[in-house]
Amino acid sequence: MNDAPTTGYWGDVGNKTTFRVVAHSSVFRVLRRPQEFVNRTPETVFIFWGPPSKMQKPQGSLMRVIQRAGLVFPNMEAYAVSPARMQQFDDLFRGETGKDREKSHSWLSTGWFTMVIAVELCDHVHVYGMVPPDYCSQRPRLQRMPYHYYEPKGPDECVTYIQNEHSRKGNHHRFITEKRVFSSWAQIYGITFSHPSWT
């Protein structure tokens, strides 16, 4: 997802990327490092997502940036989630949680888009490294885990989850709420969670 690298982390994350789901906020970070993201695995399909106000704003449209990248890297296969499809992702979140994403001042995470896309494309989904919804309430307080595996000195995973889940000002992700939904989908859509295992 986004600009998470594989180089140097092959033992943990593998070395093949079939799909890379990229948020509007990560487009430039991905395209600035073509050796890592575009050229390393030319079979990778990119799926870019973002609110229409970010993707198609009059000044500096990200859609134009993605189209230009397609000219620079002619073998790059890329798609962008349409405004109508973005609304479907919001509607799905509302239907599953009873919460209006906009009214609750939240953004769907790239994990949400990736999981929904995986469920739609795959017969079985095997997820590695995603913690269960109750992980932060069960984890010993002194144990620290970075939010991004490739940023060991970055923010703590649980601090990030809890701050985002409970914040009412600004726009945040509802990571724990999303994970509750994924947990309910596990049996319906054949999702298996490993390392840690929680289904």
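Further up the page is the structure itself.
What you see is a predicted model; the values in this text were computed from it and never measured. Throughout this document, residue positions are counted from 1 along each chain, in the order its sequence is written. For a predicted model such as this one, the threshold for reporting local features is a pLDDT of at least 70, and the threshold for listing and counting side-chain atom pairs is 80 or more; totals across whole chains, interfaces and linings nevertheless cover every residue. Heavy atoms from the whole structure form the basis of all side-chain values; hydrogens and water molecules are not counted.

Caption draft 1: Representation of helix H10 (residues 175–189). With 15 residues, H10 should cover 21 Å at 1.5 Å per step; its first-to-last C-alpha distance of 20 Å lies within 8% of that length. Think of it in three bands: residues with accessible area under 20% of the maximum for their type are buried, residues over 50% are exposed, and the middle band is partly exposed, with areas taken using a 1.4 Å probe on protein chains only. Numbered from the N terminus, helices here are DSSP runs of H or I no shorter than four residues, and strands are runs of E no shorter than two. When H10 is considered as a whole, its buried residues turn out to be Phe175, Ile176, Thr177, Glu178, Lys179, Val181, Phe182, Trp185 and Ala186. Each element contacted by the buried residues of H10 is listed here: helix H6 (83–97), strand E4 (106–107), helix H7 (110–121), helix H9 (157–166), strand E6 (172–173) and strand E7 (191–194). The first or second residue beyond H10 is Gly190, which carries a positive phi of 65°. Each helix should span, by expectation, one fewer than its residue count multiplied by 1.5 Å. Contacts between residues were defined by any pair of non-hydrogen atoms, one from each residue, lying within 4.5 Å.

Caption draft 2: The arrangement of the packing of aromatic side chains in detail. Here the aromatic set is Phe, Tyr and Trp, taking the six-membered ring for Trp, and pairing holds for ring centres within 6.5 Å; pairs whose planes are under 30 degrees apart are stacked, those over 60 apart are edge-to-face, and all others are tilted. Enumeration according to the criterion identifies 14 aromatic pairs in this entry. Taken together, the ring pairs in this structure connect Phe93, Trp112, Phe182, Trp185 and Tyr189 into an aromatic cluster.

Caption draft 3: The arrangement of the pairing of strand E5 (residues 125–128) in detail. Only one face of E5 is buried: it carries Val125 and Val127, and the other face, with His126 and Tyr128, is open. Pairing between strands requires that DSSP locate at least two bridges from one strand to the other. Where E5 lies against E7, 4 bridges are found, and the strand directions are parallel. Note that in E7 the partner of Val127 across the bridge is Phe193.

Caption draft 4: How the structure looks around the pattern of salt bridges. We count a salt bridge whenever a side-chain nitrogen from Lys or Arg sits within 4 Å of a carboxyl oxygen from Asp or Glu. In total, this model carries 6 salt bridges according to the counting rule given. A salt bridge links Asp90 to Arg101, with the nearest nitrogen and oxygen atoms 2.6 Å apart. A residue pair is termed long-range when its members are at least 10 positions apart, and Asp90 in helix H6 and Arg101 in the loop between H6 and E4 qualify at 11 residues. By relative accessible area, Asp90 is classed as buried at 13%. Residue class for Arg101 comes out buried when judged on its relative accessible area of 12%. Of the charged contacts, one joins Arg94 and Asp91 as a salt bridge, the two residues approaching to 3.1 Å between their closest N and O atoms.

Caption draft 5: Just H9, in detail. Those residues of H9 not exposed but buried are Glu157, Cys158, Thr160, Tyr161, Asn164 and Glu165. End-on view of H9: buried residues confined to an arc of 160°, all on one side of the axis. Of the residues in H9, the exposed ones pointing more than 90 degrees away from the buried face are Gln163 and His166. At its buried positions, H9 is contacted by helix H8 (135–138), E6 and H10. Along the arc lie the directions from the helix axis toward the C-beta atoms.

Caption draft 6: Examining the environment of Val13 more closely. Counting through the fold element by element, Val13 comes out in helix H1 (residues 10–13). Setting aside residues no more than four positions away along its own chain, Val13 makes contact with Pro5, Thr6 and Tyr149.

Caption draft 7: Region of the structure containing the environment of Gly14. Along the chain, Gly14 turns up in the loop between H1 and strand E1 (19–23). According to the relative accessible area criterion, Gly14 is partly exposed, its value standing at 28%. In the structure, Gly14 is positioned 23 residues away from Phe37 in sequence and 14 Å away in space, judged by C-alpha atoms. Not counting the four nearest positions on each side in its chain, Gly14 is found in contact with Thr6 and Tyr9.

Caption draft 8: Spatial organisation of the environment of Pro146. Along the chain, Pro146 falls in the loop between H8 and H9. Each C-alpha atom, one on Pro146 and one on Lys16, is 23 Å from the other, the two residues being 130 residues apart in sequence. Once residues lying within four places of it in the same chain are set aside, the contact partners of Pro146 are Glu151, Pro152, Pro155 and Glu157.

Caption draft 9: Structural view of the sheet that holds strand E3 (residues 77–80). If you trace the 3 strands from one edge of the open sheet to the other, you get E1-E2-E3, paired in parallel fashion. Of all the strands in the sheet, the pair left with one neighbour each is E1 and E3. Averaged over neighbouring strand pairs, the angle between their axes works out to 20° when direction is ignored. Angles here are taken between N-to-C directions and fall from 0 to 180 degrees, while the axes themselves are lines fitted to C-alpha atoms, restricted in helices to the stretch in contact.

Caption draft 10: Highlighting unusual backbone geometry. In this structure, the amide linkage connecting His195 to the following residue, Pro196, adopts the cis form with an omega of 5°. Tracing the chain through its elements places Pro196 in the segment after E7. A positive phi angle, near 55°, is found at His105, a position not held by glycine. The topology assignment puts His105 in the loop between H6 and E4. Even without being glycine, His195 reaches a positive phi, approximately 50°.

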